[in-house]
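Summary of the model geometry
The chain contents come next:
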Amino acid sequence: MERMTAGWINGLIGVVIFSGSLPATRVAVAQFDPVFLTVARAAIAGILALCLLIVFREKQPAGRDILSLIVVALGVVVGFPLLTALALQHVTSAHSIVFIGLLPLATATFGVIRGGERPKPAFWLFSILGSAVVAGFALAQGLTASPVGDLLMLGAILACGLGYAEGGRLSRTLGGWQVISWALVLSLPIMIAVAFAYRPATFSGIETPALIGLAYVSLFSMLIGFIFWYRGLSQGGIAAVGQLQLLQPFFGLALAATLLHEPVTWTMLGVTVAVIFCVAGARKFAR
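In short, a report on the structure. (Residues numbered from 1 in each chain as written. Predicted model: local features only at pLDDT ≥ 70, side-chain atom pairs only at ≥ 80, totals over all residues. Heavy atoms only, no water.)

**Structural notes on the nonpolar core**
Of all hydrophobic cores here, the largest spans 75 residues; its most connected members are Val76, Val77, Tyr164 and Tyr230. Beyond its immediate sequence surroundings of up to four residues, Val76 is in contact with Pro81, Cys160, Gly163, Tyr164, Ile180, Met222, Phe226 and Tyr230. (Core = buried A, V, L, I, M, F, W, Y, C linked by side-chain atoms within 4.5 Å. Buried < 20%, exposed > 50% of the residue type's maximum accessible area, 1.4 Å probe, protein only. Contact = heavy atoms within 4.5 Å.)

This is the structure in structure tokens:
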């Protein structure tokens, strides 16, 4: 019971940290190229992760774990950050946060695929309903907003769900913070090279909010949040602790409204609540 409680606490801390990712990315991408932002945050976090691994003298992962670490890296180090950064050039962070309501569903789906579980038919019913709600919202808003931004967000959710599920599974044997650290280190040479290639001509014109946004997504979204999140998944279980992501849209919408002064419409709130209801229903019949 104590291990389960610790898992929920660590998972909740991770969710709170992740809730600031999209607003911070929205601020940073206003002045940084999306590709540079993606690789720079990974490079900064990767250097810190390498230092942690050296200080704590962690053993290198086994050969059988390398492929899983590559999947984690493609999902959460490259895929989700890049796709959200591109999406936030077309939509507001408040609009994009609605799609985060699908993240628990994506994580659970990939958890089923990787773990070989067999959910009840009602699980898939709620899954389809949740997807339909988000698709309907995207279609209703996309014609006047940005269908490209919506498609990029959907791709980001799929990449992140895969990375979460694979990382959660691997953290049971490798350790929570070790998973994200090794994934970052494996990506580090490429991230540094691409960051150098896409670096701004000068940083003198970059304003403080964009630099703060880069610092947040590098330190908290890319490293510190994952230390708590993967630890929580390993302690409390992927399916159970993963449902804490249901709180992320609410935290994110609150941050977008208070920090960025972005409009949060009743439609966005309604869709978020509907998606949460569907994903909660899917969780009930997951086993």
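Don't stop here, the text continues.
**Remarks on helix H4 (residues 63–87)**
Its 25 residues give H4 an end-to-end C-alpha distance of 35 Å, which sits within 8% of 36 Å, the value for a rise of 1.5 Å per residue. At Gly79, H4 shows its largest kink, close to 40 degrees, and the proline Pro81 lies no more than four residues downstream. (Helix = DSSP H or I, 4+ residues; strand = E, 2+ residues; numbered from the N terminus. Expected span 1.5 Å × (residues − 1). Bend = angle between axes of the 7 residues up to and from the residue.)

**A word on the pattern of salt bridges**
Enumeration according to the criterion identifies one salt bridge in this entry. Of the charged contacts in the structure, one is a salt bridge between Glu166 and Arg169, with a shortest N-O distance of 2.8 Å. Remark: Arg169 and Glu166 occur in helix H8 (residues 147–174); sequence separation between them is three residues, near one turn of the helix. A residue is classified by how much of its surface remains accessible, and Arg169, at 29% relative accessible area, is partly exposed. (Salt bridge = Lys/Arg side-chain N within 4 Å of Asp/Glu carboxyl O.)

**Considering the side chain of Ser187**
Along the chain, Ser187 turns up in helix H9 (residues 176–197). The class for Ser187 is buried, based on a relative accessible area of 9%. With sequence-adjacent residues up to four places away left out, Ser187 is seen in contact with Ala73 and Val77.

**Quick word on the packing of aromatic side chains**
Under the defined criterion, the tally for this structure stands at twelve aromatic pairs. With a centroid separation of 6.3 Å and 75 degrees between ring planes, the pair formed by Phe18 and Trp229 is classed as edge-to-face. Here Trp229 lies in helix H10 (residues 208–236) and Phe18 lies in helix H1 (residues 2–19), a separation of 211 residues in the sequence. The buried category is assigned to Phe18, whose relative accessible area is 5%. Chaining the aromatic ring pairs together yields one cluster made of Phe18, Tyr164, Phe226, Trp229 and Tyr230. When the ring centre of Phe196 is taken as origin, the NZ or CZ atom of Arg199, which lies over that ring, is 3.9 Å away. The ring of Phe228 has Arg231 lying over it, and the distance from NZ or CZ to the ring centre is 5.9 Å. (Phe/Tyr/Trp six-rings, centres within 6.5 Å; stacked < 30°, edge-to-face > 60°. Lys NZ or Arg CZ within 6 Å of the ring centre and 35° of its normal.)

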